[in-house]
Amino acid sequence: MSTSTVSETVSPGREQTDAAPTNVARTRDDHPARARRSDARQTAAPSGCRQTFGRAVRAEWVKVRSLRSTWITSSIAVGITVLLSAAISIGYAGSSELADQAADAVISGNQFGQIVVAVLGALVITGEYSSGQIRSSLAAVPHRGRLLAAKALVVGVLGFLIGAVSTLVTWAVSAPFMNGHAGSLADPEYLGFVWGTGLSFAGIALMALGLGFLLRSTAGAITLALTLLFIIDLPLSLMALKWDWAATLEGFEPLQTAMAVYDPFHHMVTWGQADSMYFLQQWQAALVFGAWAIVPLLAGWVLFARRDA
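Remember, it's a predicted structure, so these values are computed and weren't measured experimentally.

Q: Describe the overall build of the protein, with residues and values.
A: Counting its regular elements, the protein contains 14 helices and zero strands. Helices and strands in the protein line up, N terminus first, as α-α-α-α-α-α-α-α-α-α-α-α-α-α. Residues counted as buried form 39% of the 309 residues belonging to the protein. Look at the contacts in the protein between residues 6 or more apart in sequence, and 75% of them connect residues 24 or more apart. Carbon together with sulfur atoms contributes 64% to the accessible area of the protein, which is approximately 16,500 Å² in total.

Q: Please provide a residue-by-residue account of a nonpolar patch on the surface, values included.
A: Nonpolar side chains collect at one region of the surface, where Phe53, Leu153, Val157 and Leu161 lie side by side and expose about 330 Å² of accessible area between them. The element best represented in the nonpolar patch is helix H7 (residues 144-174), accounting for three residues. As for its placement among the helices and strands, leucine 161 is situated in helix H7.

Q: So, helix H8 (residues 188-215): which residues are in play, and what are the values?
A: Look at H8: 41 Å from first C-alpha to last across 28 residues, which is about the 40 Å you get at 1.5 Å a residue. For H8, a buried count of 21 out of 28 residues is recorded, marking the element as mostly surrounded by other parts of the structure. For H8, the capping residue at the N-terminal end is aspartate 187, with a side-chain oxygen 3.2 Å from the backbone nitrogen of glutamate 189. Positive phi shows up at arginine 216, right after H8, with a value of about 60 degrees.

Q: Run through the nonpolar core, naming residues and quoting values.
A: Looking at soluble globular proteins, one finds that nonpolar side chains tend to be buried together. Core analysis: the largest hydrophobic core is formed by 31 residues, its most contacted members being Ile134, Ile162, Leu206, Leu209 and Phe304. Of all the secondary structure elements, the ones that give two or more residues to this core are helix H3 (53-66), helix H4 (68-93), helix H5 (110-131), helix H6 (133-140), H7, H8 and helix H14 (282-306). A per-element tally of this core places H7 first, with eight residues. Membership of the second largest hydrophobic core comes to 30 residues, among which are Met207, Ala258, Val261 and Val269.

Q: Kindly report on empty space enclosed by the protein, identifying the contributing residues and their values.
A: Throughout the structure, instances matching the rule amount to one cavity of 30 Å³ or more. Considering only enclosed or pocket space, the largest cavity measures out at about 30 Å³ in volume. In terms of lining residues, the largest cavity is bounded by Val117, Leu120, Gly121, Val155, Leu158, Gly159, Ile162 and Ala205. Among the secondary structure elements, those contributing two or more residues to the lining of the largest cavity are H5 and H7. It is H7 that provides the largest number of residues to the lining of the largest cavity, a total of four residues. Partitioning the lining of the largest cavity into residue classes produces six nonpolar, two polar and no charged.

Q: Quick rundown of the packing of H7 against H8? Include the residues and the values.
A: As a packed pair, H7 and H8 sit with axes 7 Å apart at the nearest point and diverge in direction by 145 degrees. Read as a crossing pair, H7 and H8 show a hand that is right-handed. Classifying every residue of the contact of H7 with H8 by side-chain character gives 19 nonpolar, six polar and one charged.

Q: Help me get a handle on the pattern of salt bridges, residues and values and all.
A: Counted by the stated rule, this structure contains four salt bridges. With its nearest N and O atoms 2.8 Å apart, the salt bridge here joins glutamate 60 to lysine 151. On the criterion of sequence distance, the pair formed by glutamate 60 in helix H3 and lysine 151 in helix H7 is long-range, its members being 91 residues apart. With relative accessibility at 2%, the residue glutamate 60 sits in the buried group. The class for lysine 151 is buried, based on a relative accessible area of 1%. Look at the salt bridges and you will find they share partners, linking Glu60, Lys63, Glu128 and Lys151 into a network.

Q: Explain the environment of valine 288 to me, and be specific about the residues and the numbers.
A: By the element assignment, valine 288 lies in helix H14. In this view, valine 288 contacts Phe252, Thr257 and Leu280; residues no more than four positions away in its chain are not counted.

Q: Report on the side chain of threonine 126, specifying residues and quantitative values.
A: Along the chain, the position of threonine 126 falls in helix H5. Residue threonine 126 is classed as buried on the basis of its relative accessible area, which comes to 0%. Sequence-distant contacts of threonine 126, defined by excluding residues within four places in its chain, comprise Gly212, Arg216, Ser217, Thr218 and Ala221.

Q: How would you summarise the packing of aromatic side chains if you had to cite specific residues and measurements?
A: Taken as a whole, this structure holds five aromatic pairs when the rule is applied. Ring centres 6.1 Å apart and planes at 25 degrees place the aromatic pair tryptophan 243 and tryptophan 245 in the stacked group. Given a relative accessible area of 37%, tryptophan 243 falls into the partly exposed group. Directly above the ring of phenylalanine 304 sits arginine 144, whose terminal nitrogen or CZ lies 5.2 Å from the centroid.

Rules used throughout
- Residues numbered from 1 in each chain as written.
- Predicted model: local features only at pLDDT ≥ 70, side-chain atom pairs only at ≥ 80, totals over all residues.
- Heavy atoms only, no water.
- Helix = DSSP H or I, 4+ residues; strand = E, 2+ residues; numbered from the N terminus.
- Buried < 20%, exposed > 50% of the residue type's maximum accessible area, 1.4 Å probe, protein only.
- Contact = heavy atoms within 4.5 Å.
- Areas by Shrake-Rupley, 256 points an atom, 1.4 Å probe, with all protein chains shown as cover.
- Patch = residues over 30% accessible without salt bridge, like charges linked within 9 Å, V, L, I, M, F, W, Y side chains within 5 Å.
- Salt bridge = Lys/Arg side-chain N within 4 Å of Asp/Glu carboxyl O.
- Expected span 1.5 Å × (residues − 1).
- Polar contact = N/O pair within 3.5 Å; in protein donor to acceptor, adjacent residues only side chain to side chain.
- Core = buried A, V, L, I, M, F, W, Y, C linked by side-chain atoms within 4.5 Å.
- 1 Å grid on protein atoms, 1.4 Å probe; cavity = no way out; pocket = protein on both sides within 12 Å on 5 of 7 lines; lining within 4 Å.
- Points joined across faces, edges and corners; volume = space filled by probe spheres on them.
- Nonpolar A, V, L, I, M, F, W, Y, C, P; charged D, E, K, R; others polar.
- Axes fitted to C-alpha atoms, helices over the stretch in contact; angles between N-to-C directions.
- Left-handed = near helix turned anticlockwise from the far one by under 90°.
- Phe/Tyr/Trp six-rings, centres within 6.5 Å; stacked < 30°, edge-to-face > 60°.
- Lys NZ or Arg CZ within 6 Å of the ring centre and 35° of its normal.

In structure tokens form, the structure reads like this:
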């Protein structure tokens, strides 16, 4: 009898004890997002491997440099820029009428190199969406703003290096054949072609990266980037022959305003010319070019933060 009484007394308590974890589990299941955040904090704290911006940048750099498309596209960008710029520089040096412009012609092929760099900038993000790699990236760096900023930094630095190297290689290749008309890298103004080209390539790459975040499609991002950089210029050039507003729009194009950046000491273009596509002051054109890089990135960040992977 006592045994039965003890059993009856203990059983309810045991049932309550056994039910407690179930209730806790049910409570956590009712709030999965809160549970995941709690588990993430508990997991990250003991390990000491907290995700930082520096680690995110390092991871993005590893991904970019390990892609074959990065090296192929970068090589094409440098090759096209050097080939065209060196050919024009050497040709100018051999002409008695154009010899004075030969030194500045080392940046003549920049626009074609920038088009290729735009393809590279778009591929950095759209390639992840097409392969599904973006899910792994977000798992490693859940903070989407940090992920976008890390990609932008890596793409910007890579674009800068491609542009600067292109100008340096162009000078090294063409100088021996320019009959003394080559510029000197010891001249601060002439050296401006190197860092100016690097900045312009970085800006174009960031613009394409922003378009990639917006469209999530390789074909769509590259098509829109090429339209803004090159294709739209053809009809605007024709319409500018008849309508002044077309010439005004032409002056706001990214490739036109980029000249204010890669020719920082305005050797090739005189800015502020009324009734021409160069009606802007140089600093105004540089700001417009900066907007071409920053606005797509900001728009891409807004959508990237709100949409699912």
